[in-house]
Amino acid sequence: MTAFSTKHLPQKPDVTAPDGSDVRILLELKSGGMAHFELSPGKTSIAVAHRTVEEIWYIISGQGEMWRKQSNREEIASLAPGVTLTIPQGTHFQFRTHNSEPLCAIAITMPPWPGPDEAYRVQGKWESTI
């Protein structure tokens, strides 16, 4: 049996994600992990895709947009508190903030994040400012 855990949101980021956002690692179980992502005001992330994981994001603060692309399907979703979206394995994605507030999201990664080689850069919709 896996022991249960409790953790508070770290005050400082633990790592920088391959897309350039600040990551605060939360908790993980054998089937998935959870993290807090933050992109600074006025920034546009690096466009990436994941080799093996898929994610579900829930926006908790800020405003922005997320571009996602799979083969011939391409979409830009408006991001605001309460919006939830998925990033299936292999989906190209990029996000950016609007206004003077950071964009913050809680994300579930399934399976847990395997390491630094998981994400790879792709051609994005916008020019990155990271």
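## Quick look at the environment of P112
Thought 1: Residue position: P112 is located in the loop between β10 (103-110) and β11 (119-121).
Thought 2: Judged by relative accessible area, which is 15%, P112 ranks as buried.
Thought 3: Counting along the chain gives 57 residues from P112 to E55, while the straight-line C-alpha distance between them is 9.7 Å.
Thought 4: The residues contacting P112, other than those within four sequence positions of it, are E28, L29, K30, S31, G32, G33 and V53.

## Focus on the sheet that holds strand β1 (residues 15-16)
Thought 1: Sheet architecture is open: six strands sit in the order β1-β2-β3-β10-β5-β8, paired in antiparallel fashion. Edge positions in the sheet fall to β1 and β8 (84-87), since each has one partner strand and no second.
Thought 2: Bridge count between strand β3 (residues 32-39) and β10: seven bridges; the pairing is antiparallel. Looking at the pairing, M34 lines up with I108 of β10.

Rules used in this analysis
- Residues numbered from 1 in each chain as written.
- Predicted model: local features only at pLDDT ≥ 70, side-chain atom pairs only at ≥ 80, totals over all residues.
- Heavy atoms only, no water.
- Helix = DSSP H or I, 4+ residues; strand = E, 2+ residues; numbered from the N terminus.
- Buried < 20%, exposed > 50% of the residue type's maximum accessible area, 1.4 Å probe, protein only.
- Contact = heavy atoms within 4.5 Å.
- Pairing = 2+ DSSP bridges.

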